[in-house]
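Structural overview for review
Okay, here's what each chain looks like letter by letter:
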Amino acid sequence: MAHPKRKTSKTRRDKRRTHIKAEMPQIGTDPTISEAHLYHRAHWHEGKLYYRGQVLIDNTEDVGIE
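The rules behind these values
- Residues numbered from 1 in each chain as written.
- Predicted model: local features only at pLDDT ≥ 70, side-chain atom pairs only at ≥ 80, totals over all residues.
- Heavy atoms only, no water.
- Pairing = 2+ DSSP bridges.
- Helix = DSSP H or I, 4+ residues; strand = E, 2+ residues; numbered from the N terminus.
- Buried < 20%, exposed > 50% of the residue type's maximum accessible area, 1.4 Å probe, protein only.
- Salt bridge = Lys/Arg side-chain N within 4 Å of Asp/Glu carboxyl O.

Structural notes on the pairing of strand S5 (residues 54–58)
Alignment of strand S4 (residues 48–51) against S5, held across 4 bridges, turns out to be antiparallel. Residue pairing for S5: lysine 48 is matched across the bridge by aspartate 58. Taken together, S4 and the strand that follows it, S5, pair antiparallel across an intervening segment of 2 residues, in which arginine 52 is found at a positive phi of about 55°.

Right under this line is the structure:
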């Protein structure tokens, strides 16, 4: 198993980590209801699940189970 021959200094370690940082998520707007949401994610609005402007699940309908 490989082991480092010398200790990596804090400066060298931190230089390597400069590119690792948190980014702001991209926010899109739904074309039908103009609500902001994350890209490539379905989102709920008033009891309906939307994805790419289409309704996937509609929980507003009254489902009568007898």
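Next comes the rest of the write-up.
Here we look at the pairing of S4
One ladder, built from 3 bridges, connects strand S3 (residues 43–45) with S4; its direction is antiparallel. Within S4, the residue paired with histidine 43 across the bridge is tyrosine 50. Between S3 and S4, which pair antiparallel in sequence order, lie 2 residues; one of them, glutamate 46, sits at a positive phi of approximately 50°.

Topic: the environment of methionine 24
Among the structural elements, methionine 24 can be located in the loop between helix H1 (10–16) and strand S1 (27–29). Residue methionine 24 is classed as exposed on the basis of its relative accessible area of 74%. C-alpha separation for the pair methionine 24 and arginine 12, spaced 12 residues apart in sequence, amounts to 27 Å.

A few points about the pattern of salt bridges
Summed over all chains, the structure comprises 1 salt bridge. A salt bridge links arginine 13 to aspartate 14; the nearest nitrogen and oxygen atoms lie 3.0 Å apart. Judged by its relative accessible area of 28%, arginine 13 is partly exposed. Aspartate 14 sits in the partly exposed class, given a relative accessible area of 38%.

In short, geometric facts, not functional conclusions.
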